[in-house]
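The chain contents come next:
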Amino acid sequence: MIQRCFAAFLIGVASLASAQPLPREQLDFNAGWRLHVGEAAGAQEAKFDDSAWKPVTLPHAWNEDEAFKKDIKDLSTGIAWYRKSFTLPKTIVGRKVFIEFEGVRQAGEVWLNGKRLGLHENGITAFGFDISDAVRPAPAVNVMAVRTDNDWAYREQLSGARFQWSDRNFNANYGGLSKNLRLHIADKVYQTLPLYAHLGSTGVYVYAKDFDIAGRSATLHAESEIRNEDAAARTFVYKVSVQDAAGKTVASFDGGRYTVAPRESLTAKASARVSGLNFWSWGYGYLYTVTTSLEAEGRVFDAVATRTGFRKTEFGHGMVKLNDRALQMKGYAQRSSNEWPAVGLSVPPWLSDYSNGLMVESGANLVRWMHITPWKQDVESCDRVGLMQMLPAGDSERDAQGRSWVARTEVMRDAIIYFRNNPSVLVYESGNNGISEAHMAEMKALRDRFDPHGGRAAGSRDMLGSREAEYGGEMLYVNKSARQPFWQTEYSRDEGLRKYWDEFSPPFHKDGEGPLYNGQDASVYNRNQDSHAIENVVRWYDFWRERPGTGTRVNGGGLNIIFSDSNTHHRGAENYRRSGEVDAMRITKDGFYAHQVMWDGWVDVERPRAHIIGHWNYAAGVRKNVTVVSSAAMVELFLNGKSLGKAQPTNGFLFSFRDVAWQAGRLKAVGYDAQGRKITEAQHETVGQPVALKLTRIASPVALRADGADMALLEVEVVDGKGRRHPIALNSVEFELTGPAEWRGGIAQGPDNFIGARTLPVEGGVNRVLVRTSTEAGRITLTAKSAGLKSAQIAFDSVAVQPGSMAGADLPGRLDRGPTPATPAFKPTRIAVPVAGVTATDGLDPRRAIDDDETTAWSGKQPISFELARPARLTEVTMKTAGFRARSYPVRITVDGREVFRGATPRSLGYVTLTLQPILGRKVMIDVLGGSEAREAFAGITELVDQKNATTGEQLVGKGELGLIEIEFYEAAAAEVTARDDKGNKP
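Keep in mind it's a predicted model, so treat the numbers as computed, not measured.

Engineer: I'm lost on the pattern of salt bridges in this one. Help?
Structural biologist: A side chain of one charge can pair with a side chain of the opposite charge if their charged atoms are brought near each other. Inspection of the entire model under this criterion finds 79 salt bridges. Among the ionic pairs, Asp324 bridges to Lys312, the shortest N-O distance being 2.8 Å. You can see Asp324 sitting in the loop between strand 20 (319-322) and strand 21 (325-327) and its partner Lys312 sitting in the loop between strand 18 (299-308) and strand 19 (313-316), a full 12 residues away along the chain. Overall, the relative accessible area of 23% leaves Asp324 in the partly exposed class. Put simply, Lys480, Arg483, Glu546, Arg553, Arg830, Asp852, Glu854, Glu876, Lys880 and Glu968 are held in one network by salt bridges that share partners.

Here is the structure:
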């Protein structure tokens, strides 16, 4: 039925246009496929009988049932076939027809009507084929067949090489056609597609230059690669139209007349100054539609609509700026699969927006997709929700050589071409770990060739001493720079189930309780929510205290691993990773709210918040420590109106109240500023006994499509008599589904993680399930039942869709945060005093201690002296010591001979700040008072004790020596009248 409607739609469009040049068409090609898992001899032939195969709508991973049910290393692999029969109109004769695959896992071999089109093997990038000569017009029926192979050990056919990124650690193996397909029909003179693989084409490139952010203007540029596959030369006018988010035309301009010879290509260009622009920004997914058209004799014969946004970026002085405003990078290192239970990555576009939008709601401004390029749907989703992206090529944990390196550059080339019009793409990540300077230069050359005007940095993790990389930063440790920005790419790696509140709440999980991992302590991978959220705060503070505004060398930020629990590498008790700030169904954990508190601003916190970790439903006699996360200067805790005292912050944002005796009622935290004024509050109330279930649909902003791929997300809660969620309920819930929909279900702790089960428990009083529409429209009803509780029911409708219409095309951009503010993003808290000279009587070159290069260090037994560029009343000294993670150095610091500090440097994950007795002076001397103490301070976290994950300088320090990687001297901000904020203004 879908196939016949699809054909009728095409024929109808063509008949209306028969009297004029036929317009370009882009059509959804996801419907009407059939799937067979295993080999099928002769399945590439058009006459093969696939009537017994399973009908599916793409995107659809053939092993989707295993997502979160199995450990990543156990996901099923092998051969799977997909076939589709379709009819196209007679009017395709003499026109170009292309098929676009957003990707296939791992390899896909494609046939059309028995003719082999080609083989795509890297398992990541989009690719396409010109099927003009193979496809047949109506009334003929065409058959496309795709043989997929997702073997972990798949080898490239020509080279025999493995793909570095086909890794059982991080790249969840959802096999087959798990991404979207599109069909393109165009004139023989046409703007190419951005599909370099197999087509060798680069498509349309839209960008802006010469920004005037305050004046809301920029020069917009459009460039299109044009090919002529007609028999004669063709002349056309290249025109550009720009529509805003409301569909209003705000600019029209052309690039003049071009003539392209047969079998030749050229690049048509046009530009114009445009005013009144809304610049794309963090949490402000303002998008324009730029239509580039080819026109002859007053008629448009080819038009391409590019949805894009315009923003200005800068990378320098240790910071990133967006639209002239500094921001510290705050966000998540998320697996590129971004998967859901029993579905994998193949969710509808609105659900991608929901998931990625939650990152923005938590305060994130950046997502680092890990190891491999994400699929187009997630990239476009980040455009809409206003979330910047780090876009990798593909690798494992190291640089590559030979064919493996070439394969990575091919992925990066294809990704740059495919995504260069997406404003959310901030950087191109050349490696998950450091690469050679030669390789970095090669990656930059790719960027400069295919995206020279996109305002995107090219770099890699590590690369601390690189002069080629445009950003860097280690995985977990604190790095700082006054040149290219450094941010941490995978910090806070602990794990914990959402189900585990604390040891006083059912199921009474004591923090750290669980099995060993490979014979080693895994307590930090079996957290409860209390300690997991606290750890998130402690780790973020490492970066926050070195943020922009704290000196000349600053930290660029950090990306917490991960945002949502993931069907990938894990070290905890479950068979999937539980480091997320939301669980696999995107239900929030306490860490989500902790990040909201800390991240509510571009650099400095701009809106005060507070969050009480945990809940307030306990048994009589329970006494527990209560922790409040807040950006206030002081927090006071109240229980039923009675003050339990005030607390000062530790780690910047944590306020602790010890041994609080539980009483039923209201627990309230009130935050005050430095002047004692109330600025924020948060509270928990004791909830009554569970009496009922409650069902809520988390709905798409557009209609639920009856296309066999759209999904509804349903939340079930156990509530009290006032409709409030009961935070410690663990009731088992039975679901009944009726109507044209397929049960996909949810996840919970238990056998097979309850994947696919019709009965599963709530955890912490809540759970969620997914149902997928069929290709028949109608009313869908979900009923939830649980013993002793009032049942709940919810009904909703799926609607018929126009054949060939693209899912997600009508999703709006989210504009919640508003445009980039014009105010400064930070107020300086201290001023770095420059060093004019440094001397030492022994050891290595002492200038290494101030060279803004964390791959070098000075060490010696004798004092080291620093001559400041001017007299200063120093208040702090910040240093990164060699072996910082394990070594503590007893030191004495003098200023012009007067002692201002005596004590031991603490062990850290990077930098430590020592408070000095303020004395005006110019000569600073530091000497070590005895041998340093070497003792591992972070033994519980595997990645921290792995030496390859840090440049610590440990090897440079001898017995009795002091080792300095970098040292900086500071005075209070008010002492320096020439200080400037990030906008160039005096504080």
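Back to the text.
Engineer: Could you clarify how one ought to interpret the packing of aromatic side chains in this entry?
Structural biologist: Any two aromatic rings considered together are summarised by their centre-to-centre distance and by the angle between their planes. This structure, assessed with the given rule, holds 33 aromatic pairs. Geometrically, the ring pair formed by Phe163 and Trp165 is tilted, given 5.5 Å between the ring centres and 40 degrees between the ring planes. When the ring of Tyr284 is compared with that of Tyr286, the centres are 6.0 Å apart and the planes differ by 25 degrees; the resulting orientation is stacked. Overall, Tyr286 belongs to the buried group, its relative accessible area being 10%. Of the aromatic side chains, those joined through ring pairs into one cluster are Tyr332, Tyr491, Trp540, Phe543, Phe563 and Trp599. Against the face of Phe301 rests Arg234, its NZ or CZ located 4.9 Å from the ring centre.

Engineer: In this structure, what is going on with the sheet that holds strand 32 (residues 642-647)? I would like to understand it.
Structural biologist: Hydrogen bonds between backbone groups are what pair the strands of a sheet, and the pairing can be parallel or antiparallel. Strand order in the open sheet made by the four strands is 32-31-34-35, with antiparallel pairing throughout. For this open sheet the edge positions go to strand 32 and strand 35 (678-685), each flanked by a neighbour on one side alone. The average undirected angle you get between the axes of adjacent strands in this sheet is 20 degrees. Inspection of the sheet shows strand 31 (residues 634-639) paired to strand 34 (residues 666-672) by six bridges, in the antiparallel sense.

Engineer: I'm lost on the confidence of the model for the protein in this one. Help?
Structural biologist: Any region with low pLDDT has predicted coordinates that should not be read closely. Taken over all residues, the pLDDT of the protein has a mean of 94, while the share at 70 or more is 95%. For the stretch residues 975-987, pLDDT sits under 50, and the model shows 29 contacts to residues farther than four places along the chain or on other chains.

Engineer: How should I be thinking about the nonpolar core in this particular structure?
Structural biologist: Looking at soluble globular proteins, one finds that nonpolar side chains tend to be buried together. By size, the foremost hydrophobic cluster in this structure holds 84 residues, and its most contacted members are Trp340, Trp487 and Leu713. In this structure Trp340 touches Ala67, Phe68, Val347, Leu351, Tyr354, Ser355, Ala584, Met585, Arg586, Leu713 and Leu770, once residues within four positions along its chain are discounted. Of all hydrophobic cores here, the second largest spans 38 residues; its members include Val379, Ala415, Ile435 and Met443.

Engineer: I tried to follow the packing of helix 4 (residues 402-419) against helix 5 (residues 437-450) on my own but got confused; where do I start?
Structural biologist: A pair of packed helices can be characterised by two numbers: the angle between their axes and the separation between those axes. Between helix 4 and helix 5, the least distance of the axes is 10 Å, while the angle of their chain directions is 25 degrees. By the angle between their directions, the pair helix 4 and helix 5 is classed as roughly parallel. Along this stretch, helix 4 crosses helix 5, giving a crossing that reads as right-handed. Only His439, Glu442, Met443, Leu446, Arg447 and Phe450 of helix 5 make contact with helix 4, whose side of the interface consists of Trp405, Arg408, Thr409, Met412, Arg413, Ile416 and Ile417. Taken together, the residues that form the contact of helix 4 with helix 5 break down as seven nonpolar, two polar and four charged.

Engineer: Looking at this structure, how should I read the environment of Trp350?
Structural biologist: You can see Trp350 is positioned in helix 2 (residues 349-361). Here Trp350 falls in the buried class, since its relative accessible area comes to 6%. Contact partners of Trp350, with chain neighbours within four places excluded, come to Ile698, Ala699, Ser700, Pro701, Asp710, Met711, Leu713 and Leu811.

Engineer: What is the right way to read empty space enclosed by the protein from this model?
Structural biologist: A probe matching the size of a water molecule, rolled over the atoms, marks out where space remains unfilled. Evaluation of the coordinates by the stated rule reveals six cavities of 30 Å³ or more. The computed volume of the largest cavity comes to approximately 150 Å³. In terms of lining residues, the largest cavity is bounded by 15 residues, among which Arg105, Asn171, Lys179, Leu345 and Ile372 are the most central. A per-class count over the lining of the largest cavity returns seven nonpolar, six polar and two charged.

Engineer: Could you clarify how one ought to interpret unusual backbone geometry in this entry?
Structural biologist: The phi torsion of most residues other than glycine is negative, and most of the peptide bonds are trans. Cis geometry marks the peptide bond from Arg105 to Gln106, where omega comes out at -5 degrees. Relative to the assigned elements, Gln106 resides in the loop between strand 5 (96-101) and strand 6 (107-112). For Glu297, which is not glycine, the phi dihedral falls at a positive 55 degrees. Relative to the assigned elements, Glu297 resides in the loop between strand 17 (288-296) and strand 18. Using a relative accessible area of 83% as the deciding quantity, one classes Glu297 as exposed. Unusually for a residue other than glycine, His317 sits at a positive phi of about 55 degrees. Take His317: it is sitting in the loop between strand 19 and strand 20.

Engineer: Would you take a moment to explain the pairing of strand 41 (residues 766-773) for this structure?
Structural biologist: A regular strand places its side chains so that they alternate between the two faces of the sheet. In terms of burial, strand 41 is a largely internal element, eight of the eight residues being buried. Side-chain alternation along strand 41 places Val766, Arg768, Leu770 and Arg772 on one buried face and Asn767, Val769, Val771 and Thr773 on a second face that is also buried. Sheet analysis places strand 37 (residues 711-719) next to strand 41, joined by seven bridges and oriented antiparallel. In the strand pairing of strand 41, Val716 is matched with Asn767. Judged from the four bridges that link them, strand 39 (residues 741-745) and strand 41 form a sheet pairing that is antiparallel. Along strand 41, the bridge assignment pairs Glu742 with Arg772.

Engineer: Looking at this structure, how should I read the sheet that holds strand 19?
Structural biologist: Across the sheet, which stays open at both edges, the three strands sit in the order 19-20-21 with antiparallel pairing between neighbours. The sheet is open, and its two edges are formed by strand 19 and strand 21, each paired on a single side. If you compare each strand with its neighbour and ignore which way they point, the axes differ by 30 degrees on average. Relative to strand 21, strand 20 runs antiparallel, the two being bridged by three bridges. Paired with Val320 across the strands is Leu327, a residue of strand 21.

Engineer: Quick question: what am I supposed to make of the layout of surface pockets here?
Structural biologist: In this model, the second largest pocket occupies a volume close to 790 Å³. Counted by class, the lining of the second largest pocket contains 12 nonpolar, seven polar and eight charged residues.

Quick notes on the rules
- Residues numbered from 1 in each chain as written.
- Predicted model: local features only at pLDDT ≥ 70, side-chain atom pairs only at ≥ 80, totals over all residues.
- Heavy atoms only, no water.
- Salt bridge = Lys/Arg side-chain N within 4 Å of Asp/Glu carboxyl O.
- Helix = DSSP H or I, 4+ residues; strand = E, 2+ residues; numbered from the N terminus.
- Buried < 20%, exposed > 50% of the residue type's maximum accessible area, 1.4 Å probe, protein only.
- Phe/Tyr/Trp six-rings, centres within 6.5 Å; stacked < 30°, edge-to-face > 60°.
- Lys NZ or Arg CZ within 6 Å of the ring centre and 35° of its normal.
- Pairing = 2+ DSSP bridges.
- Axes fitted to C-alpha atoms, helices over the stretch in contact; angles between N-to-C directions.
- pLDDT = per-residue confidence, 0-100.
- Contact = heavy atoms within 4.5 Å.
- Core = buried A, V, L, I, M, F, W, Y, C linked by side-chain atoms within 4.5 Å.
- Parallel < 35°, antiparallel > 145°, perpendicular 65-115°, else oblique.
- Left-handed = near helix turned anticlockwise from the far one by under 90°.
- Nonpolar A, V, L, I, M, F, W, Y, C, P; charged D, E, K, R; others polar.
- 1 Å grid on protein atoms, 1.4 Å probe; cavity = no way out; pocket = protein on both sides within 12 Å on 5 of 7 lines; lining within 4 Å.
- Points joined across faces, edges and corners; volume = space filled by probe spheres on them.

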